[in-house]
Amino acid sequence: HARSALHIAATRGDDAMCALLLRNGANFDALDALGATPLHACVAAGHVRSAKVLVDAGADADTRPLRGAARDSSARELAASVGGEMHEMMQRAKAARARDAARVVRARQAELRSEIWARASELREVFESTNQPGVPVAEVVPEVGTPVGG
């Protein structure tokens, strides 16, 4: 079975080596000959700290191996079947990722609102400079006068 150094470190539960390999560019979602990731390896072996190192680095807990005995189970599902600390860690990591994703989406929405409002202001200025005097832009283009989300 062709396995990466990260697969081997994860299987052995060597969280320090996992962290070192990741800092030096190891692919946390690399697939071995069975299509399993290093996260599958450490979850299957019950190494919670190594699994946390991989999850914190961004390893995908929902990837399913392509072949082999575990081909129908993601690392998250394997952790659920093991239960205990491994499952709790995976659940906390999932919740943290969801919060991070929501923060990113909210920040991007705010950026887009700002960009749209700035563009609407530019369009208003262009319109007003070319429009007949006394005709408000909001009468011609009502959505320009409405804040995004308002």
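Since this is a predicted model, take the numbers as computed values, not measurements.

A. Up close: helix α6 (residues 84-130). Spanning 47 residues, α6 covers 69 Å between terminal C-alpha atoms, matching the ideal 69 Å at 1.5 Å per step. Within the sequence span of α6, burial applies to Met-86, Met-89, Met-90, Ala-93, Ala-120 and Phe-127.

B. Just the nonpolar core, in detail. Within the largest apolar cluster, 22 residues are counted, with the highest numbers of intra-cluster contacts made by Leu-39, Val-43, Ala-51, Leu-54, Met-86, Met-89 and Met-90. Those elements that place two or more of their residues in this core are α1 (5-12), α2 (15-23), α3 (38-45), α4 (48-57), α5 (75-82) and α6. Leave out the neighbours within four places in its chain, and Met-86 touches Cys-42, Val-43, Gly-46, His-47, Val-48, Ala-51 and Ala-79.

C. Representation of the packing of α1 against α3 in the model. Put simply, α1 and α3 touch, their axes get as near as 7 Å, and they point 15° apart. Here α1 lies roughly parallel to α3, going by the angle between them. Seen from above, α1 lies across α3 with right-handed handedness. Across the interface between the two elements, Leu-6, His-7, Ala-10 and Thr-11 from α1 touch Pro-38, Ala-41, Cys-42 and Ala-45 from α3. Grouping the amino acids of the contact of α1 with α3 by side-chain chemistry returns 6 nonpolar, 2 polar and no charged.

D. Structural detail: the pattern of salt bridges. With the rule as written, the count across this model stands at 5 salt bridges. Salt-bridge contacts for Arg-108 lead to Glu-111; the nearest nitrogen and oxygen are separated by 2.9 Å. Of the two residues, Arg-108 and Glu-111 both sit in helix α6, 3 residues apart, roughly one turn of that helix. Here the salt bridges share partners, and the residues they tie into one network are Arg-108, Glu-111 and Glu-115.

Rules used throughout
Residues numbered from 1 in each chain as written. Predicted model: local features only at pLDDT ≥ 70, side-chain atom pairs only at ≥ 80, totals over all residues. Heavy atoms only, no water. Helix = DSSP H or I, 4+ residues; strand = E, 2+ residues; numbered from the N terminus. Expected span 1.5 Å × (residues − 1). Buried < 20%, exposed > 50% of the residue type's maximum accessible area, 1.4 Å probe, protein only. Core = buried A, V, L, I, M, F, W, Y, C linked by side-chain atoms within 4.5 Å. Contact = heavy atoms within 4.5 Å. Axes fitted to C-alpha atoms, helices over the stretch in contact; angles between N-to-C directions. Parallel < 35°, antiparallel > 145°, perpendicular 65-115°, else oblique. Left-handed = near helix turned anticlockwise from the far one by under 90°. Nonpolar A, V, L, I, M, F, W, Y, C, P; charged D, E, K, R; others polar. Salt bridge = Lys/Arg side-chain N within 4 Å of Asp/Glu carboxyl O.

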